[in-house]
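# Architecture at a glance
So you can see what is in the structure, the chains are spelled out below.
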Amino acid sequence: TALALVAARAGRTVTLWARDRNVAAEVGCLGTNSKFLPGIRLEPRFAATGDLAEAAAADIVIAAVPAQATRGLLRDLAALVRPGVPVLVAAKGIERGTDALMTEIVAAELPGRPAAVLSGPSFADDVARGLPTALTVAAADGALAERLSAALVSPSFRPYAATDVVGVQIGGALKNVIAIASGIVVGRGLGASAQAALVTRGFVEL
């Protein structure tokens, strides 16, 4: 929902698909998503549907489900997404059992659709509230990465284009380990200096 709002703020025509039809109905009718983004008005408004085919008729598809659910979603999309339509995956992770990166899953399940990945330090609540956020859009084709970045950019949301598809995906997965450790530092009251040291040394390892 937050990424749909980002695209709408960037001036795009957006259709959000939600697996839960009640969520889709609330977003479409009320402009809210009380289940996932309570207290946030979804302005500008955008369309929402429980019909995957309706959303898949887009010029750009953003797959924003958890990493371990990505392959299943892409299989459902295989007969719906037109050849040549780029698929931008927003999941941060590596598939269990196969060790596949998200773009590798796109290549396997949606051949003929260019794969890209959106990653970076962000929280859906911050993004939806319009707080400043910077992320990376990576694709093997630099021109595609630039195009996708331009499609989402707004005063509060800044995607940076990159071509290091593997590095961005591994970084996105491993930074979660640093985030957990950082939470432990905060929870134990060890201070900002310890948190800064952890993040700095974590980036060296990453």
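Right, let's walk through the structure included here. (Residues numbered from 1 in each chain as written. Predicted model: local features only at pLDDT ≥ 70, side-chain atom pairs only at ≥ 80, totals over all residues. Heavy atoms only, no water.)

### Describing the pattern of salt bridges
Worth spelling out the cut-off: Here a salt bridge means any side-chain nitrogen of Lys or Arg lying within 4 Å of a carboxyl oxygen belonging to Asp or Glu. What counts as a helix is a DSSP run of H or I of at least four residues, what counts as a strand is a run of E of at least two, and both are numbered from the N terminus. Categorising residues by exposure relies on relative accessible area from a 1.4 Å probe, with only protein chains included: less than 20% of the type maximum marks a residue as buried, more than 50% marks it as exposed, and the intermediate range marks it as partly exposed.
One pass over the structure, following the stated rule, counts 6 salt bridges. The partner of R71 in a salt bridge is E95, with the nearest N and O atoms 2.7 Å apart. With R71 in helix α4 (residues 67-77) and E95 in the loop between β4 (87-89) and α5 (102-109), this residue pair connects regions lying 24 residues apart in the sequence. Each member of the pair R71 and E95 is classed as buried. A single network of salt bridges, built from pairs that share partners, joins R71, R75, E95 and E109.

### A short note on the environment of G84
Turning to its location among the elements, G84 is positioned in the loop between α4 and β4. Residue class for G84 comes out partly exposed when judged on its relative accessible area of 44%. In sequence terms G84 and A143 are 59 residues apart; their C-alpha atoms lie 14 Å from each other.

### Some details on the packing of helix α8 (residues 165-187) against helix α9 (residues 192-205)
Any two packed helices are characterised by the angle at which their axes cross and by the distance between the axes. Quick note on the threshold: To define axes, lines are fitted to C-alpha atoms, for helices over the stretch in contact only, and angles between the resulting N-to-C directions are given on a 0 to 180 degree scale. Any angle that is under 35 degrees is reported as roughly parallel, and any over 145 degrees as roughly antiparallel; angles of 65 to 115 degrees are reported as roughly perpendicular and all others as oblique. Here a crossing is called left-handed whenever its near helix is offset anticlockwise from the far helix by less than a right angle, and right-handed whenever the offset is clockwise. Here a residue-residue contact requires only that any non-hydrogen atoms of the pair lie within 4.5 Å. Residue classes follow a fixed rule: Ala, Val, Leu, Ile, Met, Phe, Trp, Tyr, Cys and Pro count as nonpolar, while Asp, Glu, Lys and Arg count as charged, and any other residue, Gly among them, counts as polar.
Contact geometry for α8 and α9: axes closest at 9 Å, N-to-C directions at 165°. Considered as vectors, α8 and α9 are oriented roughly antiparallel to each other. In the crossing of α8 with α9, the sense of the turn from one axis to the other is right-handed. The segment α8 lies against α9, with I178, A181, S182, V185 and V186 engaging A194, Q195, L198, V199, G202 and F203. Taken together, the residues that form the contact of α8 with α9 break down as 8 nonpolar, 3 polar and no charged.

### Considerations on the packing of α4 against α5
Two numbers describe how α4 lies on α5: the axes approach to 9 Å, and their chain directions differ by 20°. Put simply, α4 runs roughly parallel to α5. Taken as a pair, α4 and α5 cross one another with a handedness that is right-handed. From α4, A67, T70, R71, L74 and R75 reach across to α5, where they touch M102, I105, V106, A108 and E109. Considering only residue class, the contact of α4 with α5 consists of 6 nonpolar, 1 polar and 3 charged.

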